[in-house]
Structures are given as structure tokens and as C-alpha cells.
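Structural features, examined
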Amino acid sequence: MGILEVLDKLVGVRHGKKAKSHKLKWKIPEVRYTAPIADSDKAVYALEKDLKARFTGGGEYVEAVHAKPFGNGVYAYMLVRTDKQTEKETIISEAYMLQEEEFLGFDVSSAPQIEDNLESLGYQYAFSRDYRVWSFKHVNLPVVVFDVKDLGELVEVALPATNIDSQRERDEKLAMALFKKLGINEKDLIPVDTVTLQLLTMQDKEKNGKR
């Protein structure tokens with residue numbers, strides 16, 4: 001047996017044959033986990049220095065949140081976001097919990113026109129929020145640190161939608177390990193995004209206030 005054949009066999013033994021991943025017919029939808037943190041600056045430092053997460057952007061924003069309920073605590077959002085530094089206005093669609101995709105059906109031009117069109121699509125103004133944000137990518141997971149006025153400091157981790165169940169398991173383990181390294185207990189995780197968390201918190205306060 002020649003040396004090339006021996007090396008080829010050794011490599012095959014070391015790496016092994018990869019099991020074929022079964023691709024699901026329907027995607028497992030994106031999932032987000034949010035957790036309160038004591039200090040957003042320390043969390044940002046830990047992500048950059050300890051976890052070697054890649055910084056992808058950030059800033060300070062004021063945002064008008066327009067919500068469309070779909071039942072069972074599921075909402076789609078249109079966020080009219082204004083950058084505090086540049087005053088540039090951007091429209092963000094947030095509908096990760098929905099299986100179907102919804103098209104806007106109008107041109108983005110000016111805020112008054114946009115908001116009128118949002119109402120015709122079933123979106124109602126819910127609240128405004130004022131926050132700082134730092135966005136990262138840790139392996140394949142989007143990680144976002146927030147400092148939200150009247151809500152608090154939080155970290156949000158997204159598990160991307162996937163057609164492969166083993167990939168979701170890997171993402172889940174990676175996310176739990178990340179939270180642990182940030183000093184966050186698994187029991188403190190809230191399986192929802194920060195916008196929905198703020199909306200539900202406000203609704204709960206309003207409900208308790210009426211009692």
C-alpha cells in the first residue's frame with residue numbers, strides 16, 4: 001500500500017463519514033431569547049473580548065412601534081426608526097414569529113404617508129421607545145445588547161430559522177453556552193424579543209393599573 005493510500009485511510013478514519021442531515025419540509029421558525037442584564041457596557045465588553053463576537057453595528061435610536069396582532073401573543077411589527085445622531089429615518093419589518101411572509105405593498109417615502117399605509121394593512125401605533133443598541137454575530141447567532149429607557153438593559157440572542165433539526169439543536173446549545181458565559185442563568189431567559197417584551201410589560205402595567 002502506497003503512502004498516499006495510507007494517508008487517505010487515516011484521514012478517513014479521523015474525520016469519519018458525515019451523517020446525511022435530513023432536511024425538513026417546513027422550516028423550524030426563528031426563535032429569540034431575551035434576558036435582563038446588570039450592565040450593558042460589561043456585556044458588550046464580554047462579547048468582544050471574551051467571546052470574540054464580531055461587532056456588526058449599533059447606535060442610539062428613537063422608534064415608533066406599530067403592531068399587528070396574530071393571536072397567542074404573536075405580533076408583527078413595523079418600526080419607524082430614527083437615528084438620534086443623523087436623524088435618518090428607516091422602516092424595519094419584524095415578523096420573525098410568523099410562518100408566512102407579508103409584503104408591504106407600498107413605497108417607503110415619508111413618515112406620515114408610511115404610517116397611513118401601515119394602518120390600512122392592520123398595523124396600529126403601539127408605543128415609542130428610546131434605546132441604545134450594540135449588535136454582534138457569535139458564530140452564526142445574532143446577539144444584540146439593548147439599553148432601553150423605561151425597560152432596562154437586556155441581551156437578545158436569535159436562533160435562525162432552519163430546515164435541519166440537528167442545526168437547531170446545535171444553535172440552542174451554542175446560545176445556552178453564550179448566556180452562561182455572560183453570567184445569565186437559563187431560568188432567567190424569556191423566549192421573546194425585546195419589542196414584544198416591552199409591549200407585554202406595558203400591557204400588564206396598564207391592566208394592573210385598572211384593577
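**Some words on the overall build of the protein**
In terms of regular secondary structure, the protein is built from five helices and nine strands. Along the chain direction, N to C, the helices and strands of the protein fall in the order α-β-β-α-β-β-β-α-β-β-β-β-α-α. Expressed as a percentage of its 211 residues, the buried residues of the protein come to 36%. Put simply, of all contacts in the protein between residues at least 6 apart along the chain, 62% involve residues at least 24 apart. Only carbon and sulfur atoms are counted for the fraction: they give 52% of the accessible area of the protein, which is about 13500 Å².

**What about helix α4 (residues 165-181)?**
Between its first and last C-alpha, α4 extends 25 Å over 17 residues, near the 24 Å set by a 1.5 Å rise per residue. When we look at burial in α4, the residues that qualify are Arg168, Asp171, Ala175, Met176, Leu178 and Phe179. Buried residues of α4, seen end-on, are gathered within an arc of 160 degrees and therefore sit on one face of the element. Exposed residues pointing more than 90 degrees away from the buried face of α4 are listed as Lys173, Lys180 and Lys181. Where α4 ends, the next residue or the one after it, Gly183, has phi of about 80 degrees, a positive value.

**Side note on the pairing of strand β1 (residues 23-28)**
Counting buried residues along β1, only zero of its six residues qualify, which leaves the element largely exposed. Bridge count between β1 and strand β9 (residues 162-164): two bridges; the pairing is antiparallel. Within the sheet, the bridge partner assigned to Lys23 lies in β9 and is Ile164.

**As for unusual backbone geometry**
The backbone of Lys52 shows a phi angle near 55 degrees, a positive value even though the residue is not glycine. Structurally, Lys52 can be placed in the loop between α2 (40-50) and β3 (54-69). One non-glycine residue, Asp150, lies in the positive phi region at around 70 degrees.

**Topic: the sheet that holds strand β2 (residues 31-36)**
Taken in spatial order, the seven strands make up an open sheet running β2-β8-β7-β6-β3-β4-β5, and their pairing is antiparallel. In this open sheet, the two edge strands, each paired with only one partner strand, are β2 and β5 (89-94). Adjacent strand axes in the sheet meet at a mean angle of 30 degrees, parallel and antiparallel pairs treated alike. Examined bridge by bridge, strand β7 (residues 141-148) and strand β8 (residues 152-159) share six bridges and lie antiparallel to one another. Bridge pairing in β8 links Asp147 to Glu153.

**Some points on the nonpolar core**
In terms of nonpolar packing, the biggest core is built from 24 residues, with Leu47, Val145, Val155 and Phe179 touching the most fellow members. If you list the elements that add at least two residues to this core, you get β2, α2, β6 (124-138), β7, β8 and α4. Non-local contacts of Leu47, meaning those with residues more than four positions away in its chain, are made with Lys52, Ala53, Phe136, Val143, Val145, Leu178 and Leu182. Grouped together as the second largest cluster of nonpolar side chains are nine residues, Tyr61, Tyr131, Val144 and Leu154 included.

**Side note on the environment of Gly57**
Looking at where Gly57 falls in the secondary structure, it is placed in strand β3. For Gly57, the residues in contact, after removing those within four places along its chain, are Val133, Trp134 and Ser135.

**Brief notes about the packing of aromatic side chains**
Overall, the coordinates contain four aromatic pairs when judged by the stated rule. Geometrically, the ring pair formed by Tyr75 and Tyr77 is stacked, given 6.0 Å between the ring centres and 20 degrees between the ring planes. Since its relative accessible area comes to 15%, Tyr75 is described here as buried. The ring of Tyr61 carries the charged tip of Arg81 above its face, separated from the ring centre by 5.5 Å. In this arrangement the basic side chain of Arg129 is found over the ring face of Tyr131, its NZ or CZ atom lying 4.3 Å from the centre.

**Observations concerning α2**
Every buried residue of α2 is listed here: Ser40, Ala43, Val44, Ala46 and Leu47. End-on, the buried residues of α2 take up no more than an arc of 160 degrees, which puts them together on one face. Facing away from the buried surface of α2 by more than 90 degrees, the exposed residues are Lys42, Tyr45 and Asp50. Against β6, β7, β8 and α4 lie the buried residues of α2.

Thresholds, definitions, all that
Residues numbered from 1 in each chain as written. Predicted model: local features only at pLDDT ≥ 70, side-chain atom pairs only at ≥ 80, totals over all residues. Heavy atoms only, no water. Helix = DSSP H or I, 4+ residues; strand = E, 2+ residues; numbered from the N terminus. Buried < 20%, exposed > 50% of the residue type's maximum accessible area, 1.4 Å probe, protein only. Contact = heavy atoms within 4.5 Å. Areas by Shrake-Rupley, 256 points an atom, 1.4 Å probe, with all protein chains shown as cover. Expected span 1.5 Å × (residues − 1). Arc of directions from axis to C-beta. Pairing = 2+ DSSP bridges. Axes fitted to C-alpha atoms, helices over the stretch in contact; angles between N-to-C directions. Core = buried A, V, L, I, M, F, W, Y, C linked by side-chain atoms within 4.5 Å. Phe/Tyr/Trp six-rings, centres within 6.5 Å; stacked < 30°, edge-to-face > 60°. Lys NZ or Arg CZ within 6 Å of the ring centre and 35° of its normal.

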